[in-house]
Amino acid sequence: MEIEKYQIDAHNEKLDATHKQRFSFAASENARVEEVISKLIKFQIAIPSWALGTGGTRFGRFSGGGEPRSLEEKIEDIGLLHKLNQSSGAISLHIPWDIPTDYDAIKSLAAHHNLRFDAMNSNTFQDQADQKLSYKFGSLQHVDKAVRQQAIDHNIEVIRQGVALGSDALTVWLADGSCFPGQLNFRKAFQNTLESLEEIYAALPDAWKVFVEYKAFEPNFYSTTVGDWGQSLLYASKLGPKAYTLVDLGHHLPNANIEQIVSLLLMEGKLGGFHFNDSKYGDDDLTAGSMKPYQLFLIFNELVDGMDAKGIDHATGLGWMIDASHNVKDPLEDLLQSVDAIMISYTQALLVDRAALTVAQQENDVVRCQEILQDAFRTDVRAIVQEARLRSGGAAQPVQLYRELKVRENLIANRGLKTVATGL
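It should be emphasised that the depicted structure is a prediction, and the values quoted were computed from it without experimental measurement.

Section: the overall build of the protein
Consideration 1: Scanning the protein from N- to C-terminus turns up 15 helices and 11 strands.
Consideration 2: Whereas a compact globule of 424 residues would reach a radius of gyration of roughly 22 Å, the protein reaches 22 Å, a difference of no more than 12%.
Consideration 3: Referenced to the eigenvectors of the C-alpha coordinate spread, the extents of the protein come out at roughly 65 × 60 × 40 Å.
Consideration 4: Across the 424 residues in the protein, those meeting the buried criterion constitute 55%.
Consideration 5: Counted over contacts in the protein with a minimum sequence separation of 6, partners at least 24 positions apart contribute 80%.
Consideration 6: Element-wise, carbon and sulfur atoms account for 52% of the exposed surface of the protein, whose accessible area totals about 19,000 Å².

Following this line, the structure appears as structure tokens:
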């Protein structure tokens, strides 16, 4: 299914008068609105290929029907999202779930939907059917060099496939760790992982980056070999200038100050990118901004401040991606909501009066500092985000149009009710 321009135009025309009224008020309240809109138009958030199907828990999975059965259908689904919001112009593939059979055809299909290929993701947290050795006790950290070499070779193969598609980054997330005290030697596990990463790093093309993702827990509960941002930073620093830390918003212990982590990584020039989601307890992989919208705003506040201080382009300087699991929602509706929440938080951060905040900080005026941040957070910027979307050719209300066009019903009619997305 493809959404046509006339369908978007008809939808926008119905909402035009209301939007103009709301945007006129928002513009009158914010002198820098045109500058903000220009940044929003450029800002694109990658959609991971694995987020297009229904997720699940250890106890079950409830497919919603019409899920993409192939890489081609995943690209088509992201094309639908991008047509609606004009802010989802990239796809992130997971290998071996998404190996193309015809690279030229896949690139042509992506180009048809105005999509580029974002970071490639390797998979050494599962055993594949044709895999010789098991990752049950780790991959890049494994005590057996043969297992480590298998994982290294897989990552290098992912790089090769990414080159063929026009990607320029590799994301490495390791499930490696231990479930019980005494199960492994921490120092040897770290050193084995570092040596493995060094071989992968050596295979990176000149213009490529490698992102080292971290997670405090699960599937190993006693220790994880890349357990926090400090360990990731240590690996990235030892590897070299093409290695960076990747921040997943759900991969922290409760009450972690993620915005401070982000600020320091930016300061050190080692923040590579983000996996956006939200959580209440742990790595819940919920819709971005659905649980802790103020935290998402505070993170973007540090991002905007830190990127501007470093002269980093907001749209291209870091990798922006959603990483979520949709257990009870339509995955495409959930992704539309996540992108919107990210754009809203980004807009609010752009509106922070930084000159006034700097003065208040220098004067230790704590109350004024809070007022400045909360004034930006409490500003209703939805009309500004909508205006940027409209100027890009998107829908005024993406979720509303998605439902009006009965997209999910059409996908079920074309693909079937019992389909299950590949890779999940």
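Structural notes on the packing of helix α6 (residues 186-202) against helix α7 (residues 229-239)
Consideration 1: Remark: α6 packs on α7, axes separated minimally by 10 Å, with the N-to-C direction vectors making an angle of 45 degrees. Our classification of the angle between α6 and α7 gives oblique. Relative to α7, the crossing made by α6 is right-handed. The residues of α7 that touch α6, namely those facing F190, T193, L194, L197, E198 and Y201, are L234, Y235, K238 and L239.
Consideration 2: Of the residues that constitute the contact of α6 with α7, the class distribution is 7 nonpolar, 1 polar and 2 charged.

What about helix α3 (residues 71-85)?
Consideration 1: Taking 1.5 Å of rise per residue, 15 residues should cover 21 Å, and α3 covers 21 Å from first to last C-alpha, within 8% of that figure.
Consideration 2: Of all 15 residues making up α3, 12 are buried, and the element is well covered by its neighbours.
Consideration 3: Those residues of α3 lying buried are L71, E73, K74, I75, D77, I78, G79, L80, L81, H82, L84 and N85.
Consideration 4: The first or second residue beyond α3 is Q86, which carries a positive phi of 55 degrees.

A word on the pairing of strand β7 (residues 209-213)
Consideration 1: The element β7 is largely enclosed, with a buried count of 4 among its 5 residues.
Consideration 2: One ladder, built from 4 bridges, connects strand β5 (residues 169-172) with β7; its direction is parallel. Along β7, the bridge assignment pairs V172 with V212.
Consideration 3: Taken together, the 4 bridges between β7 and strand β9 (residues 243-248) define a ladder with parallel strand orientation. When the sheet's bridge partners are listed, F211 is paired in β9 with Y244.

Structural notes on the side chain of S232
Consideration 1: Tracing the backbone shows S232 in helix α7.
Consideration 2: Only 2.9 Å separates the side chain of S232 from the side chain of T245, close enough to count as a polar contact.
Consideration 3: The contact partners of S232, leaving out residues within four places of it in the chain, are V212, Y214, V226, T245 and L246.

What about the UniProt feature "domain: Xylose isomerase-like TIM barrel" (unreviewed entry) in the protein?
Consideration 1: Under the UniProt annotation, "domain: Xylose isomerase-like TIM barrel" (unreviewed entry) lies at residues 100-285.
Consideration 2: In residues 100-285, helix accounts for 37% and strand for 16%; the two terminal C-alpha atoms are 27 Å from one another.

Structural notes on the environment of V158
Consideration 1: In this fold, V158 is placed in helix α5 (residues 145-165).
Consideration 2: When its relative accessible area of 0% is taken as the criterion, V158 is described as buried.
Consideration 3: Here the alpha-carbon distance between V158 and H113, two residues 45 residues apart in the chain, equals 23 Å.

Remarks on the pairing of β9
Consideration 1: Of all 6 residues in β9, 6 are buried; the element is thus mostly enclosed.
Consideration 2: Here β9 shows no split at all, with A243, T245 and V247 on one side and Y244, L246 and D248 on the other all buried.
Consideration 3: The pairing of β9 with strand β10 (residues 271-276) spans 4 bridges and is parallel. Its bridge partner being in β10, V247 is matched across the sheet by F274.
Consideration 4: For the segment spanning β9, helix α8 (residues 258-267) and β10, crossover handedness is right-handed.

Quick notes on helix α13 (residues 382-391)
Consideration 1: Burial runs high along α13: 7 of the 10 residues are buried.
Consideration 2: Residues of α13 that are buried: A383, I384, V385, Q386, E387, A388 and R389.
Consideration 3: Elements in contact with the buried residues of α13: α1 (5-29), α2 (33-42), α3, α10 (331-350) and α14 (398-404).
Consideration 4: Directly after α13, the chain includes G393, whose backbone phi takes a positive value near 100 degrees.

How each quantity is defined
Residues numbered from 1 in each chain as written. Predicted model: local features only at pLDDT ≥ 70, side-chain atom pairs only at ≥ 80, totals over all residues. Heavy atoms only, no water. Helix = DSSP H or I, 4+ residues; strand = E, 2+ residues; numbered from the N terminus. Rg over C-alpha atoms; globule rule 2.2 N^0.38 Å. Buried < 20%, exposed > 50% of the residue type's maximum accessible area, 1.4 Å probe, protein only. Contact = heavy atoms within 4.5 Å. Areas by Shrake-Rupley, 256 points an atom, 1.4 Å probe, with all protein chains shown as cover. Axes fitted to C-alpha atoms, helices over the stretch in contact; angles between N-to-C directions. Parallel < 35°, antiparallel > 145°, perpendicular 65-115°, else oblique. Left-handed = near helix turned anticlockwise from the far one by under 90°. Nonpolar A, V, L, I, M, F, W, Y, C, P; charged D, E, K, R; others polar. Expected span 1.5 Å × (residues − 1). Pairing = 2+ DSSP bridges. Polar contact = N/O pair within 3.5 Å; in protein donor to acceptor, adjacent residues only side chain to side chain. UniProt positions renumbered as here; feature names shortened; annotations may be inferred. Right-handed = clockwise from strand over helix to strand, strands pointing away.

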